[in-house]
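# Notes for the structure review
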Amino acid sequence: MSDTLPGPEHPSDDGTAEALDAYSRIVTTVAAAVTPRVAALQVPRRGRGGWFSTALGSAVVFTEDGFLLTNAHVVGNADAGTLAFADGTTSPFHTIGSDPLSDLAVLRADGPTPTPVRLGEATALRVGQLVVAVGNPLGLAGTVTAGVVSALGRSLPARSGSAVRVIDNVIQTDAALNPGNSGGALTTANGEVVGITTAVAGNGLGLAVPIDATSRQIIAALLTDGRIRRAYLGLAGVPAPLPPTLRDRTGQRTGLRIVEVVPGAPADRAGLHEGDLLLTAAGEPIGSAQALQRLMLADAIGRPLALTVLRGEALVDVIAVPAELPGDD
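The shown structure was predicted, so the numbers you read here are calculated from the model rather than taken from an experiment. (Residues numbered from 1 in each chain as written. Predicted model: local features only at pLDDT ≥ 70, side-chain atom pairs only at ≥ 80, totals over all residues. Heavy atoms only, no water.)

### Looking at the overall build of the protein
Put simply, the rule is: By definition, any uninterrupted DSSP run of H or I lasting at least four residues is a helix, any uninterrupted run of E lasting at least two residues is a strand, and each is numbered from the N terminus. Every accessible area reported is derived by Shrake-Rupley at a probe size of 1.4 Å, with residue values counting cover from the shown protein chains alone. Working convention for charge: Lys and Arg count positive, Asp and Glu count negative, and His plus the chain ends are omitted. Positions of charges follow a simple convention, taking NZ of Lys, CZ of Arg, CG of Asp or CD of Glu.
Scanning the protein from N- to C-terminus turns up six helices and 21 strands. Principal-axis analysis of the C-alpha atoms gives the protein an extent of 80 × 65 × 35 Å. As displayed, the protein has an accessible area near 16,400 Å², and 54% of this comes from carbon and sulfur atoms. With 23 positive and 31 negative side-chain charges, the protein shows a separation of 7 Å between the mean positions of the two kinds.

Structural data, given as structure tokens:
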């Protein structure tokens, strides 16, 4: 019996080499397609005492006419900066709009840009699926890492002044991310961008804002208006189980227990109270703050919103009229 190790002339019988070759081809193909379309950003920042510093990040070309996606935390309050592409091309950019509560921002290059990436749909992702991250970690342009979708449906808190929001359905990946990757592309094996990398959660854990119906709506508003208008009810709540009889009747397992109502806010004017268990809004089951948050976009401002709450043992229907969430200047 021969003890010769498998080599090019003795291929492995278990298909490992072929699988690794296929994996390599996928990653190299994605890298070749996406890397030219991801820019390195340099963003000037004014620090305490008037000192200037430079923030580094990434941005993804997503339209034919030079618009790019990145993270709001990369841009900060800067109106402009510089971008550089893998081929050595550089260009100034200006900020079109930034939304810290989704950690998304839209930029426009003041010079020529490569053709755009293809935006995919994050809701089609599956845990364990291969993904490729392209960005500029630590200022090292055109860096590519690969991994899998580690988890879906994660939440990431975001803050803008006094307003706090949860970015939901965040993608978790084990593709290596480092400072500077923020604003870069997370792609599937076919090169479609399904997320904008946003945070390093720990060793081997990276997070990305998903490209989905909600983020597309935010991106469209940033392109047209330069800002996001959000509705506001003025309540805080925590998930709480429904009583068994009501759970059996409705099939809904949890509601949102109201723990705070802001005096004078729309929820207060509608007659909601601390201790109420919010069951539905606009006919949709509400089992978490995120579920209510998804309804609080611009088209809800000033429009009557039907709410059903459990108060004691009674079901109570109320009508609230969400106001616009004030911005922080």
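Here the narrative resumes, following the displayed structure.
### Details of unusual backbone geometry
Most peptide bonds take the trans form, and the phi angle of most residues other than glycine is negative. Short version of the rule: Remark: exposure states derive from per-residue accessible area (1.4 Å probe, protein chains only) relative to the maximum for the residue type, with buried under 20%, exposed over 50%, and partly exposed in between.
For Asp-103, which is not glycine, the phi dihedral falls at a positive 55°. With respect to the secondary-structure elements, Asp-103 resides in the loop between β5 (90–99) and β6 (104–109). Positioned with a positive phi, Ala-282 is a non-glycine residue whose angle comes to about 55°. Take Ala-282: it is sitting in the loop between β17 (277–281) and β18 (284–285). A residue is classified by how much of its surface remains accessible, and Ala-282, at 48% relative accessible area, is partly exposed.

### A short note on the sheet that holds strand β1 (residues 38–46)
The following threshold applies: Whether two strands pair depends on DSSP finding at least two bridges between them. Helix axes use the C-alpha atoms of the stretch in contact, all axes being lines fitted to C-alpha atoms, and the angles between their N-to-C directions lie in the range 0 to 180 degrees. In what follows, residue pairs with any heavy atoms lying within 4.5 Å of each other are defined as contacts.
Reading around the circumference, β1-β2-β3-β6-β5-β4 is the order of the six strands in this closed barrel, with antiparallel pairing throughout. In this sheet, adjacent strand axes meet at a mean angle of 40° when their direction is disregarded. Against the sheet, helix α3 (residues 213–225) makes contact with β3 (67–70), β5 and β6, and its axis sits at roughly 45° relative to β6, the strand it touches most.

### Brief notes about empty space enclosed by the protein
Here is the rule: We place a 1 Å grid over just the protein atoms. Points where a 1.4 Å probe fits but has no way out form a cavity, open points with protein on both sides within 12 Å along at least 5 of 7 lines form a pocket, and any residue with an atom within 4 Å of a point lines it. Grid points are joined across faces, edges and corners, and a volume is the space filled by probe spheres set on the points. Note on residue classes: Ala, Val, Leu, Ile, Met, Phe, Trp, Tyr, Cys and Pro are nonpolar, Asp, Glu, Lys and Arg are charged, and everything else, Gly too, is polar.
One pass over the full model with this rule turns up one cavity of 30 Å³ or more. Put simply, the largest cavity is a space of about 100 Å³. Looking at the largest cavity, the residues that line it are Ser-102, Leu-104, Arg-165, Ile-167, Asp-168, Val-209, Pro-210, Asp-212, Thr-214, Ser-215 and Ile-218. Broken down by secondary-structure element, the contributors of at least two residues to the lining of the largest cavity are β10 (163–173), β13 (205–210) and α3. Classifying every residue of the lining of the largest cavity gives five nonpolar, three polar and three charged.

### With respect to the environment of Ala-208
Looking at the element boundaries, Ala-208 is found in strand β13. In sequence terms Ala-208 and Thr-197 are eleven residues apart; their C-alpha atoms lie 4.0 Å from each other. With residues near it in sequence (within four places) discarded, Ala-208 still touches Val-170, Ile-171, Leu-186, Gly-195, Ile-196, Thr-197 and Thr-198.

### A few points about the pattern of salt bridges
Stated precisely, the cut-off is as follows: One side-chain nitrogen of Lys or Arg within 4 Å of one carboxyl oxygen of Asp or Glu is enough to make a salt bridge.
Within this structure, the stated rule accounts for six salt bridges. The salt bridge partner of Glu-324 is Arg-227, with a shortest N-O separation of 3.4 Å. With a gap of 97 residues between them, Glu-324 in strand β21 (residues 323–324) and Arg-227 in the loop between α3 and β14 (231–232) connect regions that are remote in the sequence. The class of Glu-324 is partly exposed, set by a relative accessible area of 31%. Between Glu-324 and Arg-229 there is a salt bridge; the shortest N-O distance is 3.2 Å. One end of the pair, Glu-324, is in strand β21; the other, Arg-229, is in the loop between α3 and β14, and 95 residues separate them in sequence. When salt bridges with common partners are traced through the structure, they connect Arg-227, Arg-229 and Glu-324 into a single cluster.

### Examining the nonpolar core
General note: in soluble globular proteins, nonpolar side chains tend to be found buried as a group. The following threshold applies: We call a set of buried residues a nonpolar core when its members are Ala, Val, Leu, Ile, Met, Phe, Trp, Tyr or Cys and they connect through side-chain atoms within 4.5 Å of each other.
Ranked by internal contacts, the top residues of the largest apolar core, which has 23 residues, are Val-34, Leu-69, Val-106, Ile-196 and Ile-219. Contributions of two or more residues to this core are made by α1 (16–34), β3, β6, β8 (130–135), β12 (192–202) and α3. Per-element accounting of this core gives the leading share, four residues, to α3. With 22 residues, the next largest nonpolar core counts Leu-233, Leu-235, Ala-267 and Ile-301 among its residues.

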